[in-house]
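Structural characterization, general
Listed below, chain by chain, are the residues.
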Amino acid sequence: MKLQLKHKLVVGTSIGIVCLVVLVASRYSNQKSPTMAMPVPEVEVVTVVQEDIPIYNEWIGTLDGMVNAEIRAQVSGYLLIQHYAEGSFVKKGQCLFEIDPRPFQVALDQAKARQAEAEAQFAQANGALLQSKAQLASAEANQVRAQLDVDRFTPLAKEKAVTDQELDHAVQANLAAKAQVAAAESGVETAKATIVATQAMIEAAKAAVASAELNLSFTKITSPVDGVAGIAQAQVGNLVNAGASNLTTVSTLDPIKVYFTVTEQEYLNHVRNTPNQTERQAKEQELKLELILADGSVYPKPGKFYVADRQVNTQTGTIRLAGLFPNADNVLRPGQYGRVRAMTEMKPGALLVPQRAVTELQGKYQVAVVGKDNRVSIRPVKVGERIGSQWIVEDGLQPGELVVVEGTQKIRPDVVVNPRPFVVASSTSTTGQ
């Protein structure tokens, strides 16, 4: 009986202690809960700025020489001497290679001998013509005298003052004289024909001499332009063939040409913006080009627009353009790649926001805007060109509004935030330069 009473007393005491603990905890919780509020999220914001922004475009460019002269042999022969240092600057007319000239010198000597022979034959034919003309003159004089005898004897024979035999001798002598005249005239014509033939021989011989002299001059292979000569493709002692052997290439590098392609759409936009051809050409001449090299550095000397190709490439839908860059130190070389950049237009009053402030969702763009009461609204926007690390917003924002750059993942529409200025780690140009 005493044990049961003692057990009940212990159980009752335990229950009382538990109730007391629960009551104290409940009161403590009721006292603390009103002060437990959700923290206001902090976000970093920037002010939408409005300014006149130059729009830059970039294209992949390939460098090439203004002139790339392939140096080829114009006559066949053995390469005797290489006169230039590979990779060096050469002048127009400078001798680069020399082919063994001896066979061509022999051919020239033979051609000159044939010319001398033809000239000797011409001199002989000219002398024969003079002799034939003298013979013709003598024959004509004899024929005149014979004709006078016939004219004189004919009336005398009728009067029987001379015999018929004397008249007959005079007539025969006249006929013989006429035959001599005809033979002399034939000799003159033959001599003239010989002269014409020898003159043709002389002209052919002169042409052969000129050809031989030209071939002999081709044994010295010269540079047609000022430029940098490449590595020789043939060695001394090699047999080179006329027109087939590319010995080296000389490139004119100052200025150097840069080829790049623009899309057909870009070309049409350019034409529509400046429809007048004269104004468009003037604008193109004033366009300054920048060249960004493979290591990311910008070539210090600006270039200018040179020419546009006559047609659009039907396979790629692009048109090929060329620019010129000064290259007095030959720093730029054909075959290099780079990026050509140019300011294509000036956009007045453009609104700029950092690209990281713009969110893309299913092809649509939106930004988080912080109002005057620090309440967030999600607003759709229309974006335009990207300028460096910023984006031009064409519609949906007003100058001076605050947009969230950092902390967009913490917010939702209509939430109150604690905005603070966005600090750029490294300065970024808004013009993309």
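Everything that follows concerns the structure shown earlier in this document.
I will try to describe carefully the structure that is included in this document. (Residues numbered from 1 in each chain as written. Predicted model: local features only at pLDDT ≥ 70, side-chain atom pairs only at ≥ 80, totals over all residues. Heavy atoms only, no water.)

**With respect to the sheet that holds strand S6 (residues 220–222)**
The strands making up a sheet associate through backbone hydrogen bonding, with each pair oriented either parallel or antiparallel. Taken together, the four strands give an open sheet; going across it, the order is S6-S5-S3-S8, and neighbouring strands pair in antiparallel fashion. Each edge of the open sheet carries a strand with a single partner, namely S6 and strand S8 (239–240). Taken together, the three bridges between strand S5 (residues 95–99) and S6 define a ladder with antiparallel strand orientation. Within S6, the residue paired with Cys95 across the bridge is Thr222. (Pairing = 2+ DSSP bridges. Helix = DSSP H or I, 4+ residues; strand = E, 2+ residues; numbered from the N terminus.)

**Topic: the packing of aromatic side chains**
Under the definition given, this model contains four aromatic pairs. Ring centres 6.3 Å apart and planes at 75° place the aromatic pair Tyr299 and Phe325 in the edge-to-face group. With a gap of 26 residues between them, Tyr299 in the loop between strand S10 (288–292) and strand S11 (303–312) and Phe325 in strand S12 (residues 318–325) connect regions that are remote in the sequence. Phe325 matches Tyr299 in its accessibility class, with the two residues each being buried. Their ring planes at 70° and their centres at 5.3 Å tell us that Tyr365 and Trp391 sit as a pair that is edge-to-face. With Tyr365 in strand S15 (residues 364–370) and Trp391 in strand S17 (residues 390–395), this residue pair connects regions lying 26 residues apart in the sequence. Between Arg320 and the ring centre of Tyr259, over which it is positioned, the NZ or CZ distance is 3.7 Å. (Phe/Tyr/Trp six-rings, centres within 6.5 Å; stacked < 30°, edge-to-face > 60°. Buried < 20%, exposed > 50% of the residue type's maximum accessible area, 1.4 Å probe, protein only. Lys NZ or Arg CZ within 6 Å of the ring centre and 35° of its normal.)

**Examining the nonpolar core**
What tends to happen in soluble globular proteins is that the nonpolar side chains get buried as a cluster. Tyr84, Leu96, Phe97, Ile99, Ile221 and Val250 are the most contacted members of the largest nonpolar core, which has 24 residues in total. Residue assignment for this core shows that the elements contributing at least two residues are strand S2 (49–72), S5, helix H2 (102–158), helix H3 (164–217) and strand S9 (246–263). Excluding residues within four positions of it along the chain, Ile221 makes contact with Ile71, Arg72, Ala73, Gln94, Cys95, Leu96, Phe97, Ile99 and Leu247. Counting residues in hydrophobic clusters, the runner-up holds 19 residues, among them Trp59, Phe260, Leu291 and Leu293. (Core = buried A, V, L, I, M, F, W, Y, C linked by side-chain atoms within 4.5 Å. Contact = heavy atoms within 4.5 Å.)

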